[in-house]
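Descriptive structure summary
Here's the letter readout for the chains.
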Amino acid sequence: LRQWIAVSGAIIGSFCAILNYQIMNTSLREIQAALSASLTEASWITTAYLAAAIVVMPLTAWLTRVFSIRTYATVNTVLFMVSLVACALAWDLNSMIALRFLSGLFGGGLMPMAFSIILATLPPSKRPVAFMWWSLLTVQALTVGPALGGWLTDTFSWEWIFYVQTIPTGIVFTCLLYGLDKSSR
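What comes next is a walk through the structure. This is a predicted model, so every value here is computed, not measured. (Residues numbered from 1 in each chain as written. Predicted model: local features only at pLDDT ≥ 70, side-chain atom pairs only at ≥ 80, totals over all residues. Heavy atoms only, no water.)

Focus on the overall build of the protein chain
When you go through the protein chain residue by residue, the secondary structure sums to ten helices and zero strands. C-alpha extents for the protein chain along the principal axes are approximately 50 × 30 × 20 Å. A buried classification covers 50% of the 185 residues belonging to the protein chain. Expressed as a percentage of contacts within the protein chain between residues at least 6 apart in sequence, the contacts between residues at least 24 apart total 82%. For the protein chain, the accessible area works out to roughly 8,700 Å², and carbon and sulfur atoms hold 71% of it. Of the side chains in the protein chain, 9 bear a positive and 6 a negative charge, and the two mean positions are spaced by 25 Å. (Helix = DSSP H or I, 4+ residues; strand = E, 2+ residues; numbered from the N terminus. Buried < 20%, exposed > 50% of the residue type's maximum accessible area, 1.4 Å probe, protein only. Contact = heavy atoms within 4.5 Å. Areas by Shrake-Rupley, 256 points an atom, 1.4 Å probe, with all protein chains shown as cover. Lys, Arg positive; Asp, Glu negative; His and termini not counted. Charge placed at Lys NZ, Arg CZ, Asp CG, Glu CD.)

What follows is the structure in structure tokens.
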């Protein structure tokens, strides 16, 4: 059961990484207006996240070996959560771009980390079920993100697109902390 809790947490983390990108795109116009940025300048907000995520993805396997899967996964998840709150508190365009870059560094590691945890914790016979669960949940982020982002921005404000993501990210942290062995490498 602990293995499946860890795997579920990692898969939800993958969902969070995709949700973060999708939910942000829906509210980009409102963020642009709030930060007094042009459309070209505001496009750097999404570019910073993607650039950082692309840089960290191939490094994730190495980082999990250096720090252990448990340490890297839990610390990375906490830093991702902190970066989400920081993005909601951004005071100008430059701070938002820098904070989205940091968010991409931590969010970009969530997806490959899910694969590492599935491969490290489950026997080969159980992995297909985990990869199916990963596929189902991550595809949902593509549809939930824009709808949720639009609703939160229209109903509350653009800052809430970041605050609401701390809920599933907190679940990820709890699952990983409980489910991963301290000696997991």
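Let's talk about the nonpolar core
In this structure, Ile31, Ile45, Met96, Ile117, Phe162 and Leu176 are the most contacted members of the largest nonpolar core, which totals 51 residues. The dominant element in this core, judged by the number of residues it contributes, is helix H1 (residues 2–26), at twelve residues. Those residues in contact with Met96 that lie beyond four places of it in its chain are Ile31, Leu35, Ile45, Cys87, Ala90, Trp158 and Phe162. (Core = buried A, V, L, I, M, F, W, Y, C linked by side-chain atoms within 4.5 Å.)

Looking at a nonpolar patch on the surface
A cluster of nonpolar residues, Val55, Leu59, Trp62, Val66 and Phe67, forms a patch on the protein surface that exposes about 480 Å² of accessible area. If one sorts the elements of the nonpolar patch by residue count, helix H4 (residues 60–67) sits on top with three residues. Here Phe67 is to be found in helix H4. (Patch = residues over 30% accessible without salt bridge, like charges linked within 9 Å, V, L, I, M, F, W, Y side chains within 5 Å. Salt bridge = Lys/Arg side-chain N within 4 Å of Asp/Glu carboxyl O.)

Focus: helix H5 (residues 69–88)
With 20 residues, H5 should reach 28 Å at 1.5 Å per residue; the first-to-last C-alpha distance of 29 Å fits that figure. Burial in H5 covers these residues: Ile69, Arg70, Tyr72, Ala73, Thr74, Asn76, Thr77, Phe80, Ser83, Leu84, Cys87 and Ala88. (Expected span 1.5 Å × (residues − 1).)

Section: the packing of helix H3 (residues 39–56) against helix H6 (residues 93–107)
Two elements in contact, H3 and H6, have axes separated by 7 Å at closest approach and are oriented at 25 degrees. When the axes of H3 and H6 are compared, the pair comes out roughly parallel. Where H3 crosses over H6, the two elements pack in a sense that is right-handed. The residues of H6 that touch H3, namely those facing Glu41, Ala42, Trp44, Ile45, Ala48, Tyr49, Ala52, Ala53 and Val56, are Leu93, Met96, Ile97, Arg100, Phe101, Ser103, Gly104, Leu105 and Gly107. Residue classes in the contact of H3 with H6 are distributed as 13 nonpolar, three polar and two charged. (Axes fitted to C-alpha atoms, helices over the stretch in contact; angles between N-to-C directions. Parallel < 35°, antiparallel > 145°, perpendicular 65-115°, else oblique. Left-handed = near helix turned anticlockwise from the far one by under 90°. Nonpolar A, V, L, I, M, F, W, Y, C, P; charged D, E, K, R; others polar.)

Focus: H6
Look at H6: 20 Å from first C-alpha to last across 15 residues, which is about the 21 Å you get at 1.5 Å a residue. Every buried residue belonging to H6 is among Leu93, Ser95, Met96, Leu99, Arg100, Ser103, Gly104, Phe106 and Gly107, and all of these are buried. Residues of H6 that are buried sit in contact with H1, helix H2 (28–34), H3, H5, helix H7 (110–121) and helix H9 (160–163). For H6, the capping residue at the N-terminal end is Asp92, with a side-chain oxygen 3.4 Å from the backbone nitrogen of Asn94. (Polar contact = N/O pair within 3.5 Å; in protein donor to acceptor, adjacent residues only side chain to side chain.)

Notes on the packing of aromatic side chains
As enumerated under the stated definition, the model contains seven aromatic pairs in all. Between the aromatic rings of Trp151 and Phe156, the centroid separation amounts to 5.6 Å while the plane-to-plane angle is 85 degrees, which identifies the pairing as edge-to-face. Judged by its relative accessible area of 47%, Phe156 is partly exposed. Here the aromatic rings of Trp160 and Tyr163 are separated by 5.4 Å at their centres, their planes lie at 75 degrees, and the arrangement is edge-to-face. Taken together, the residues Trp160 and Tyr163, both in helix H9 and three residues apart, mark about one turn of the helix. (Phe/Tyr/Trp six-rings, centres within 6.5 Å; stacked < 30°, edge-to-face > 60°.)

Some thoughts on the packing of H7 against helix H8 (residues 127–155)
To describe two helices that pack against each other, one gives the angle between their axes and the distance between the axes. Interaxial distance between H7 and H8 falls to 10 Å at its minimum, and their mutual angle equals 160 degrees. In this view, H7 runs roughly antiparallel relative to H8, as classed from their interaxial angle. Crossing hand, H7 versus H8: right-handed. Contacts from Met111, Ala114, Phe115, Ile118 and Leu119 of H7 reach H8 at Arg127, Ala130, Phe131 and Trp134.

Interpretation note: all reported values are geometric properties and have no functional meaning in isolation.
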